[in-house]
Amino acid sequence: MVDYPLALAVDTDGHVDELARPLATLAGTLATVLVAYHGLDDVPGLLRSQLRLDLRELHAAAVSVLAVTGLRLPTRPTDAE
């Protein structure tokens, strides 16, 4: 990604919004996955390794958004609960 000398997004006080870059990355990666695999009932063998990479990138982007916001993903209930 090319570094831009000015903030791309600021909050209401004029401070740089730290969520802008990770959120833009998440949105772009999600759009790539949706366009590339739209309408496929099954992923052909030739695309499976690329799909793994795309999903790994999507997961990393989601984790970076969560890190900035301080939110956590909900956990699944265990059998003991």
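Along every chain, residues carry numbers that run from 1 in the direction the sequence is written. Under the rules for a predicted model, residues below a pLDDT of 70 receive no local features and side-chain atom pairs below 80 are neither given nor counted, while totals for whole chains, interfaces and linings still include all residues. For the side-chain quantities, the full set of heavy atoms in the structure was used; hydrogens and water were omitted.

Visitor: An account of helix α2 (residues 45–69) is requested, with residue identities and associated values reported.
Guide: Note: α-helices contain 3.6 residues per turn, so residues at a spacing of three or four share the same orientation. Per the convention used, a helix needs a DSSP run of H or I reaching at least four residues, while a strand needs a run of E reaching at least two, with both numbered from the N terminus. Multiplying 1.5 Å by the residue count of a helix minus one yields the expected span of that helix. Given a rise of 1.5 Å per residue, 25 residues ought to cover 36 Å, and the 37 Å separating the end C-alpha atoms of α2 matches this to within 8%. Only protein chains enter the accessibility calculation, which uses a 1.4 Å probe; a residue whose area is less than 20% of its type maximum is buried, one above 50% is exposed, and one in between is partly exposed. Listing the buried residues of α2 in full gives Leu 51, Asp 54, Leu 58, Ala 61, Val 65 and Leu 66.

Visitor: Give a description of the side chain of Thr 29 that names residues and reports values.
Guide: Positionally, Thr 29 belongs in helix α1 (residues 20–37). What qualifies as a polar contact is a pair of N or O atoms within 3.5 Å, subject to a donor-acceptor requirement within protein and to the restriction that residues adjacent in sequence count only when both atoms come from side chains. A distance of 2.8 Å separates a polar atom in the side chain of Thr 29 from the backbone oxygen of Thr 25. The contact partners of Thr 29, leaving out residues within four places of it in the chain, are Asp 54, Glu 57 and Leu 58. Two residues form a contact once any of their heavy atoms are found within 4.5 Å.

Visitor: Give a detailed account of α1, specifying residues and quantitative values.
Guide: An ideal rise of 1.5 Å per residue puts 26 Å on 18 residues; α1 measures up with 26 Å between its terminal C-alpha atoms. Every buried residue belonging to α1 is among Pro 22, Leu 26, Thr 29, Val 33 and Tyr 37, and all of these are buried. For α1, the buried positions fall inside an angular range of 75° around the axis, keeping them on one side. Exposed and facing more than 90 degrees away from the buried side of α1 are Leu 34 and Val 35. Taken together, the buried residues of α1 touch α2. Trailing α1 by a residue or two, Gly 39 shows a phi angle of about 80°, which is positive. The arc under discussion is defined with respect to the helix axis, by the directions toward the C-beta atoms.

Visitor: Can you explain the pattern of salt bridges? Please cite residues and give values.
Guide: Only one rule defines a salt bridge in this text: a Lys or Arg side-chain nitrogen within 4 Å of an Asp or Glu carboxyl oxygen. A full pass over the atoms with the stated rule returns one salt bridge. Taking the shortest distance from any N to any O, the salt bridge between Asp 42 and Arg 48 comes out at 3.3 Å. Judged by its relative accessible area of 37%, Arg 48 is partly exposed.

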